[in-house]
Every structure is written in structure tokens, then in C-alpha cells.
Amino acid sequence: MNIENAKSQMRKGMLEYCVLLLLKHRPSYASDIILKLKDAELLVVEGTLYPLLTRLKNDGLLSYQWQESTQGPPRKYYALSLEGERFLEGLDAAWSELSNTINYLKNLRPEFHL
Amino acid sequence: MKKNININLCGRLFQIDEDACDMLQHYIDSLRSAFGRQEGGDEIVDDIEARIAELFDELKNNGNDAITIEHVKSVITRIGRPEELTGEDTGSQKDWQQKAEETFNDVRSKLNQASNKMAGRRLYRNPNDKMVAGVLSGLAAYTDIDVTFWRLGAVLLTFCYGTGILLYIVLAIILPEAKTPEDQLRMEGREVNPQNLADAVIDDRQPQRQPSNALREILSFLLKIAFGFFVVFAIFVGIIIGITFLTALIALVSALFFLPMGSTLPFSLEAMGLAAAYEQAPATLILFTVALFVLLLVPLYAIIHMVLSLSKKVQPMSTGQRIAWVVIWIIALCCIVPAGITVSYYHDEQRKEEYNQKHIYQRDFTDTWEQKLLQHGEI
């Protein structure tokens, strides 16, 4: 049970980065993002996305447009704003740092003290 | 057949069953109250409503004319329960003081609730957490006492001459199972209204996992082993007793009804030492036979009925029927003891008489060993 908790915590931290990465490619809407995340093997409950997208929009990182759709009610298409793109670059740098740290720690060999 | 109503979700019309609509309404309401404290919370719930409308549209396009409660359940599972969704994105930490206050109020209201709850509760067998038949689980739900304690108590009671097992079997027969969500609510003493019904269904998704600690794990494991032993032992004992009683029953019945009186064929009354009993206290002998018959056949009937009801061939027995059969069985049990004692008394008498007849000239020379056997009707 504890490893699941740890994984879930890690995923929660990464979710924002993943969503921004997805939206960098092209604008998309909530349920499509879920499917793409599923392709990327990150499983999230649909409902967690809506608060996240709204917060990112309120922080100015995303903007949205309403688009009519043939299959149902109109959808919000989210896209990265200029600020969002800069934020994403910052996240890329942060991810590299983290990745380096983890790799360093994993490859650490025990030192023998006499 | 269910009532169907029209709803307007994000400007689109859907036809939905009444119970499904209640569940959906409750879900959306709890979302609103959960996100109400956040900034932009309303917008979030609006987005979710739009998503629900999308999903309903999909259902309609796939040929479903009406939204059923099953559809709503799967939508709720897909989108997530309110507790899962909030706290994902709130950065604010609650005040310690606020938390303390809330805990205090919680405890107070829980105490009130508890005393009110006990009033309207009913005892069922709980199918959600059963090891055998859910009897102890049902008791746990009824009394709010952890089920592990009940299981421990049952095991200890069983060491007292098997009282635990006997009580458990009796309760398992008498108590009905809490099949519908309404039953589950009544078992826990909660009021049966659409809100709680929706809760019960949503909670069903997650089987209640209690926080496990080492003690509970060990106890569970030991219980499982003990249980395994009991099952094997009980089956073994049951088979032996069953065969013995069955043989006795067959012998008695055939002796009473099929063989002529006074004959000396191997299983006649005479040969079994029961002729005296038949002469002196025929009613008691017959009572003994009937009680034995009931003792054997009622459980057999119950088992057959249970198997058939599981495969839906017949309706499961009502509580009244179950109680009636249990009572009849207990009466038979109470009759067989004095009847058996009386019959065995006459049996001993007969044997003594036979022995005397056989050794009428040797009576004065019987040694102490033979005298003892004589007293006990062995010869």
C-alpha cells in the first residue's frame, strides 16, 4: 500500500508539467488530454483535471476558447499562453535538474572507509 | 419499471430514471459544496457538468434512450468522487485551531448521532465483509464494534464446549442478509433517503478497508488458520455423527414398522434390546424415533433449500420460516435427550433380564466383572 501512496504523490507533482507539455503541441480539451495521458501511461481520474486546468488558467499560464462540437455540448479548448510557454521552459530546466540528481544518487557507489 | 424525468444539463435535454437523477443531483451538489470554498470553484463544477453532458450524449448516440442508475454510477466512478478531486489543488493549509475545533464538533455530533442511531437499527448479516456467512460482520455493523473483536470473541466462545459455533450457526440461519442498499443503511442505523442511498452505492465501490496494523494482521492470520481447522474438524465430526444417527434411524424405523413383533432377526426390536421399551413405553420410543428423524432431516432440508435458492430455483426462506425450522429442531433436540434416557433405561433392563434368563442356574457364581457388565446391560 505504501508504494502506491508514494507513486500517487509523485504523479500528483508531475501532473502539471505533463499537461503543459501536452498543450505545447496543440490546443486541446479536458477529455482529450486524459486520453493522451493514458497513451503516455499516466492514469488519472478525469475529475482531477478540471480543477488543475482552471487553476492554470487563473494563474495566466493557459487561455481557452469555446468551440462548438458535433458530439455534444461546446468544449473549452485550452492553449499555452506566452507566460505559459516561459513557465514550461522553467519546468524543463527543473526536470533536468531533478533527473540529474536522481541519476547521480542512483549511481552512487558505496565508499569504503578504513 | 421506473419513473423517468427530463433534465436539462448544460442546455441539453436528457431522459433519465428518477433514482439515477437523484444520485446525479446528489453528486453534483456534493461537488458544488466541496469546490465552493475554492476560487473559481463554480467554474470547475460547470466544466464537470459539461463533461457529464458529453458522456450522456455518447450514451444517447449508442442507442440508450434513458440514462439509468448504472450509467450514472459509472460516470461518477470515471470522473471521481468529490473527496478525490478536492485537495488536489488547494495550496492552503487549514489553521490548527480550525482543525481542532472541527474535530471537537465532529466528536460531539458523532456522540449524538450514535445515541440516535442505535434506536432505529436492525441486525442483518453483512455480505460486504464476510468470512463465512457475515454474521459477525453484521453484528459489528450493528454495534459499531470492530469485527475483529467479534471474531475473537466467537473463537473464544467456541472453546467453551462449542457454544460459539452453535450460536453462530443459529444466527446464520435466523438472520437475513442485507442485500439491498436500503438494508445496508438500516443495518448501520442511517436514515433511508436518496442522499444516503447514493452514498451507500458510491461507498460500495471501495470495500471498507480498515487501517491495518501488525496486531490486526496477526489476529486475522491466526483466525484464518483456526477457522481452517474448525472447518475440517466440523466436517469430520459431522460426517461421523450423521452416519451414526442415520444408521440408528434406519434401524429403528425398520424395526418398528417392517419386522413382525417378537421376531429375533438381527435388527428387530427384540434383537436391539428395545422390545421392553416398546412394551412398557411405546410412546417414548416413537418420540425418540421421530425426534431423531427431525434432527437429521431438518438440517438436510435446510441445506438443500439454501442450495436451490442460490441457484434461484426457489425463493430463499423468509425470516419467519427460518425461525420456525430452528425452533422445531431445538424442540426435537430437547425431546431426544429424556426420550433417549428412558429408552436406554429399558434397554438395560431388557439386557439384564435376558442375562438372567440365560444364566439362571449360575446366578450365584457370577464374578464381580460379570456383575458389573450385567448392571450396565452389556450382557
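Parameters at a glance
Residues numbered from 1 in each chain as written. Chains lettered and ligands numbered in written order. Predicted model: local features only at pLDDT ≥ 70, side-chain atom pairs only at ≥ 80, totals over all residues. Heavy atoms only, no water. Helix = DSSP H or I, 4+ residues; strand = E, 2+ residues; numbered from the N terminus. Buried < 20%, exposed > 50% of the residue type's maximum accessible area, 1.4 Å probe, protein only. Contact = heavy atoms within 4.5 Å. Areas by Shrake-Rupley, 256 points an atom, 1.4 Å probe, with all protein chains shown as cover. Phe/Tyr/Trp six-rings, centres within 6.5 Å; stacked < 30°, edge-to-face > 60°. Lys NZ or Arg CZ within 6 Å of the ring centre and 35° of its normal. Core = buried A, V, L, I, M, F, W, Y, C linked by side-chain atoms within 4.5 Å. Polar contact = N/O pair within 3.5 Å; in protein donor to acceptor, adjacent residues only side chain to side chain. Salt bridge = Lys/Arg side-chain N within 4 Å of Asp/Glu carboxyl O. Buried area = accessible area lost by both parts, 1.4 Å probe. Nonpolar A, V, L, I, M, F, W, Y, C, P; charged D, E, K, R; others polar.

Q: Explain the overall build of chain A to me, please; I cannot follow it from the model alone.
A: Within chain A, the regular secondary structure consists of 4 helices and 2 strands. From first element to last, N terminus to C terminus, chain A shows the α and β order α-α-α-β-β-α. For chain A, the proportion of its 114 residues judged to be buried stands at 35%. Within chain A, contacts between residues separated by at least 24 positions form 46% of all contacts whose residues are at least 6 apart in sequence. Summed over all atoms, the accessible surface of chain A reaches about 7,900 Å², with 56% contributed by carbon and sulfur.

Q: Sorry if this is basic, but what is going on with the packing of aromatic side chains here?
A: Geometrically, a pair of aromatic rings is defined through the distance of the ring centres and the angle of the planes. Residue and element names in this part refer to chain A. According to the stated counting rule, one finds 7 aromatic pairs over all chains in the structure shown. Plain terms: the ring middles of Tyr17 and Trp95 are 5.9 Å apart, the flat faces sit at 45 degrees to each other, and that makes the pair tilted. Of the two residues, Tyr17 sits in helix H1 (residues 2–25) while Trp95 sits in helix H4 (residues 82–106), which places them 78 residues apart along the sequence. With a relative accessible area of 12%, Tyr17 lands in the buried category. Note on Trp95: relative accessible area 42%, which makes it partly exposed. Judged by centre distance (6.2 Å) and plane angle (90 degrees), the rings of Tyr64 and Trp66 are edge-to-face. A relative accessible area of 29% places Tyr64 in the partly exposed class. Using a relative accessible area of 52% as the deciding quantity, one classes Trp66 as exposed. What links up through ring pairs into an aromatic cluster is the set Tyr64, Trp66 and Tyr78. When the ring centre of Tyr64 is taken as origin, the NZ or CZ atom of Lys76, which lies over that ring, is 4.7 Å away.

Q: What is the right way to read the side chain of Ser69 of chain A from this model?
A: All names here are of chain A. By secondary structure assignment, the location of Ser69 is in strand S1 (residues 62–69). Residue class for Ser69 comes out buried when judged on its relative accessible area of 16%. Non-local contacts of Ser69, meaning those with residues more than four positions away in its chain, are made with Pro74 and Arg75.

Q: Is there a simple way to think about the nonpolar core in this case?
A: Most often, soluble globular proteins have nonpolar side chains that are buried together. Residues and elements named next belong to chain B. By size, the foremost hydrophobic cluster in this structure holds 49 residues, and its most contacted members are Ile48, Ile52, Phe56 and Val72. Residues contacting Ile52, with those up to four places away along its chain left out, are Leu9, Leu24, Tyr27, Val75 and Ile79. By size, the runner-up hydrophobic cluster in this structure holds 16 residues, among which are Leu249, Leu296, Val298 and Val343.

Q: When you look at the environment of Asp92 of chain A in this model, what are you seeing that I'm missing?
A: All names here are of chain A. If you trace the backbone, Asp92 turns up in helix H4. With a relative accessible area of 27%, Asp92 lands in the partly exposed category. With near-sequence residues (within four places) excluded, Asp92 lies in contact with Tyr17 and Leu21. There is a polar contact of 2.4 Å between the side chain of Asp92 and the side chain of Tyr17.

Q: When you look at the pattern of salt bridges in this model, what are you seeing that I'm missing?
A: Between side chains of opposite charge, a pair can form as their charged atoms come close. Scanning the entire structure with this criterion turns up 18 salt bridges over all chains. Note that Arg51 of chain B and Glu46 of chain A form a salt bridge whose closest N and O atoms lie 2.7 Å from each other. Remark: Glu46 of chain A occurs in helix H3 (residues 46–58) and Arg51 of chain B occurs in helix H2 (residues 41–61); the pair is interchain, linking two chains. Note on Arg51 of chain B: relative accessible area 6%, which makes it buried.

Q: I'm lost on the interface of chain A and chain B in this one. Help?
A: Interface extent is often summarised as the accessible area lost during association of the parts. Taken residue by residue, the interface counts 20 residues in chain A and 20 residues in chain B. Of the roughly 1,800 Å² buried at the junction of chain A and chain B (both faces included), carbon and sulfur atoms supply 52%. Counting the surface chain A buries against chain B, the share from its top three residues, Glu46, Tyr50 and Pro73 of chain A, is 31%. Applying the counting rule to chain A against chain B returns 6 salt bridges. Measuring nitrogen to oxygen at the nearest pair gives 2.7 Å for the salt bridge that ties Glu46 of chain A to Arg78 of chain B. At the boundary of chain A and chain B, one finds 9 residue pairs in polar contact (both at pLDDT 80 or more). Mapped onto the side of chain A that touches chain B, the elements with two or more residues apiece are H3 and strand S2 (72–80) of chain A. When residues of the side of chain A that touches chain B are assigned to their parent elements, the largest contribution, 10 residues, is made by H3 of chain A. When grouped by side-chain class, the residues that make up the side of chain A that touches chain B number 7 nonpolar, 7 polar and 6 charged.

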